[in-house]
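Structure assessment
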Amino acid sequence: MSDKPIELLQRLKSLSGPFPTWDTGQLPERPGKLFLEWLRLAVENKVKEPHAMTISTVDQDGYPDARVLILKNIIDETFYFASSSESRKGQQLKENPHVALTFYWPSLGRQIRIRGIAEDRGDEAGADDFRKRSAGARAVAMTGHQSEVLDSEEVLDSSIEAQKEKIRRDPSVVTPHWRLYALNAQEVEFWQGDSERKHVRVQYVKQDGQWNTLRLWP
């Protein structure tokens, strides 16, 4: 007899550690610096795809959507990601630019939560990011039907092949719908998990152009 879902879930371990220590006595004044410190530690510890993040948006009815994207860059407290403006998230960003980002690195027991406002960086930035993508990724994006209902695999394959042919003829071709977004953080929370659930949480909040640091209960 197969396990009941609750029995299966109850056997799974969480936050078993060991985890790195975190000295909160010497915190940077700005969260961007701490983010880079944590990211470098994740890379050093061979965390798989540490630049993968969950981005959450809200639709016109107030329902949240979440999906995983790749962080393209960080400058100070501005986090960059890219998407088609015609995708579901692209349309939601037009209606409501308030966004949340979440990073989670289980082997380190660390989570970073970011809230802020996303800004479209314009045609040139979008085109530059698009040209840096692989030919296959560009071809898929150029089909222009992200998030729409797919009729058949054959239609998808023929559409991708047609776009690949366009790229072969003109390697510099771009789609005007590809956008680079910059999320300007307003809140950033760093969360260090603990096996006994005495988690360490530090929140940076931007007020009047200044960053204030708060220690939160687990």
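Presented here is an overview of the structure given in this document. (Residues numbered from 1 in each chain as written. Predicted model: local features only at pLDDT ≥ 70, side-chain atom pairs only at ≥ 80, totals over all residues. Heavy atoms only, no water.)

**Considerations on the overall build of the protein**
When you go through the protein residue by residue, the secondary structure sums to six helices and nine strands. With respect to the principal axes defined by its C-alpha atoms, the protein has extents near 60 × 55 × 40 Å. A total of 218 residues make up the protein; the buried ones form 38% of that total. Of the contacts formed within the protein by residues at least 6 apart in sequence, a portion of 62% connects residues at least 24 apart. Within the structure as shown, the protein displays about 13600 Å² of accessible surface, and the carbon and sulfur contribution to it stands at 49%. Charged side chains in the protein number 31 positive and 33 negative. The centres of these two groups are separated by 4 Å. (Helix = DSSP H or I, 4+ residues; strand = E, 2+ residues; numbered from the N terminus. Buried < 20%, exposed > 50% of the residue type's maximum accessible area, 1.4 Å probe, protein only. Contact = heavy atoms within 4.5 Å. Areas by Shrake-Rupley, 256 points an atom, 1.4 Å probe, with all protein chains shown as cover. Lys, Arg positive; Asp, Glu negative; His and termini not counted. Charge placed at Lys NZ, Arg CZ, Asp CG, Glu CD.)

**Some details on the packing of aromatic side chains**
If you walk through the whole model with that rule in mind, you get eight aromatic pairs. Ring geometry for tryptophan 38 against phenylalanine 190: centres 5.2 Å apart, planes inclined by 75 degrees, an arrangement best described as edge-to-face. With tryptophan 38 in helix H2 (residues 31-44) and phenylalanine 190 in strand S7 (residues 178-192), this residue pair connects regions lying 152 residues apart in the sequence. Comparing tryptophan 38 with phenylalanine 190, the two get one shared label, buried. Measuring from centroid to centroid gives 5.3 Å for phenylalanine 81 and tyrosine 181, while their planes differ by 20 degrees, and the two rings are stacked. (Phe/Tyr/Trp six-rings, centres within 6.5 Å; stacked < 30°, edge-to-face > 60°.)

**Considerations on the pairing of strand S5 (residues 98-105)**
The two faces of the sheet receive side chains in turn, since in a regular strand these alternate between them. Side chains Val99, Leu101, Phe103 and Trp105 of S5 all project onto a buried face; the interleaved residues His98, Ala100, Thr102 and Tyr104 project onto a face where none is buried. With three bridges joining them, strand S1 (residues 52-58) and S5 adopt antiparallel strand pairing. What sits directly across from serine 56, in S5, is alanine 100. Taken together, S5 and the strand that follows it, strand S6 (residues 110-120), pair antiparallel across an intervening segment of four residues, in which glycine 109 is found at a positive phi of about 65 degrees. (Pairing = 2+ DSSP bridges.)

Everything listed is a geometric property; what it means functionally is a separate question.
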